[in-house]
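# Descriptive analysis of the structure
The primary structure of each chain is shown beneath.
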Amino acid sequence: MKYIIGIGGVTNGGKTTLTNKLIKTLPNCCVVHQDDFFKKPDQIEVGEDGFTQWDVITAMDMEAMTNTVRSWIENPVKFARSHGVSPSPASDVAEPDEQTHILIVEGFLLYNYPPLLDVFDKSYCITIPYEECKRRRSTRQYTVPDPPGLFDGHVWPMYLKHRREMERSGLNIQCLDGLKSKEEIYNQAYEDIQNNLLNRL
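Everything in this summary refers to the structure shown in the same document. Just so it is clear, the structure is predicted and the values come from calculations on it, not from any experiment. Every chain's residues receive numbers from 1 upward, in the order its sequence appears when written. Reporting in this predicted model follows two pLDDT cut-offs: at least 70 for local features of residues, and 80 or more for side-chain atom pairs to be given and counted; totals over whole chains, interfaces and linings ignore these cut-offs and use all residues. Neither water nor hydrogens contribute to the side-chain values; these are computed over all heavy atoms in the structure.

### Some details on the sheet that holds strand β5 (residues 173-177)
Reading across the sheet, the 5 strands line up as β2-β3-β1-β4-β5 and stay open at both edges, with parallel pairing between neighbours. Among the strands making up the open sheet, the edge pair consists of β2 (29-33) and β5. Neighbouring strand axes in the sheet, compared pairwise and without regard to direction, differ in orientation by 20° on average. Between any two strands, at least two bridges found by DSSP are needed for them to pair. Only DSSP runs of H or I reaching four residues or more are called helices, and only runs of E reaching two or more are called strands; each is numbered from the N terminus. Strand direction decides the pairing type here: β2 and strand β3 (residues 101-106), joined by 5 bridges, are parallel. If you follow cysteine 29 over to β3, its bridge partner there is isoleucine 102. Note on contacts: a residue pair qualifies if any of its non-hydrogen atoms lie within 4.5 Å across the two residues. Interaxial angle, 0 to 180 degrees, is taken between N-to-C directions of lines fitted to C-alpha atoms, where a helix line uses only the stretch in contact. Packed onto the sheet, helix α7 (residues 182-200) meets β1 (2-9), β3, β4 (122-127) and β5 and runs at close to 155° relative to β5.

What follows is the structure in structure tokens.
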């Protein structure tokens with residue numbers, strides 16, 4: 001069985017933290033990080049707001065990301081091995097069709113690209129309020145530092161715009177409260193995923 005989990009949501013909400021905890025506990029689990037598909041800085045447009053448009057879908061090579069996800073769908077075992085993921089011990093003895101293979105797709109604009117919407121078996125969105133998001137963002141060290149005013153002038157307005165798009169997508173997305181502890185968020189997602197997997201067997 002193949003099972004694809006989307007973990008989306010606001011910047012600095014805890015997506016990568018949750019993903020990293022899940023990949024350690026879920027069987028035959030691989031991950032695709034949307035951040036790995038950002039275009040080169042000289043390919044990112046400057047918007048009418050005066051800021052480099054990092055927080056929009058055109059800042060990423062979504063076609064390459066979709067192709068990466070589709071290559072996992074075609075052959076999760078080959079994908080795992082090519083990404084340095086060793087199959088769970090049971091995978092060596094079980095029939096390929098009987099094995100559970102999981103892909104986590106993690107990123108801040110997962111649910112805003114129509115060609116990807118149909119791949120998710122389970123979709124999560126981590127949310128945190130404006131004040132907490134701004135506080136967390138200010139403590140992060142980015143390769144390209146945030147210029148003054150970026151959060152209020154670009155990052156947060158783009159998040160609100162993309163969240164409205166996500167809500168109109170029709171996808172069944174479960175929101176997770178990013179203010180909860182890392183352990184609580186993980187436990188909620190892990191138990192939910194386990195129940196979903198059992199229901200599909």
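### A short note on the nonpolar core
Ile4, Met65, Leu103, Val105, Leu116 and Phe120 are the most contacted members of the largest nonpolar core, which has 25 residues in total. Those elements that provide at least two residues to this core are β2, α2 (62-74), α3 (76-82), β3 and α4 (114-117). Examining the composition of this core, we find that 4 residues originate from one element, α2, more than from any other. Within this scheme, the nonpolar core is defined by two criteria: the residues are buried Ala, Val, Leu, Ile, Met, Phe, Trp, Tyr or Cys, and they are joined through side-chain atoms within 4.5 Å. In this scheme, a residue with accessible area under 20% of its type's maximum is buried, one over 50% is exposed, and one in between is partly exposed, where area comes from a 1.4 Å probe on protein chains only.

### Digging into the state of the cysteines
Counting rule for disulfides: a pair of cysteine sulfur atoms within 2.5 Å. The tally for this structure, following the rule as stated, stands at 0 disulfides. Distance from the sulfur of cysteine 133, which forms no disulfide, to the nearest cysteine sulfur (cysteine 125) is 11 Å. Looking at the unpaired cysteine 175, the closest cysteine sulfur is the one in cysteine 125, lying at 4.7 Å. Taking relative accessible area as the criterion, cysteine 175 reaches 38% and is therefore assigned partly exposed.

### Let's talk about the packing of helix α1 (residues 15-25) against α7
The packing of two helices is summarised by the inter-axis angle and the distance between the axes. Orientation of α1 relative to α7, taken along the N-to-C sense of each, is 50°, at an axis distance of 10 Å. Judged on the interaxial angle alone, α7 and α1 are oblique. Between α1 and α7 lies a crossing of right-handed hand. Facing Thr17, Leu18, Lys21, Leu22 and Thr25 of α1, the residues of α7 in contact are Lys182, Glu183, Ile185, Tyr186, Ala189, Tyr190 and Ile193. Residue composition of the contact of α1 with α7, by class: 7 nonpolar, 2 polar and 3 charged. For classification purposes, angles smaller than 35 degrees are called roughly parallel, those larger than 145 roughly antiparallel, those between 65 and 115 roughly perpendicular, and all remaining angles oblique. Two helices cross in a left-handed way if the nearer one is turned anticlockwise from the farther one by less than a right angle. They cross in a right-handed way if the turn is clockwise. Amino acids outside the nonpolar list (Ala, Val, Leu, Ile, Met, Phe, Trp, Tyr, Cys, Pro) and the charged list (Asp, Glu, Lys, Arg) are all regarded as polar, and Gly is one of them.

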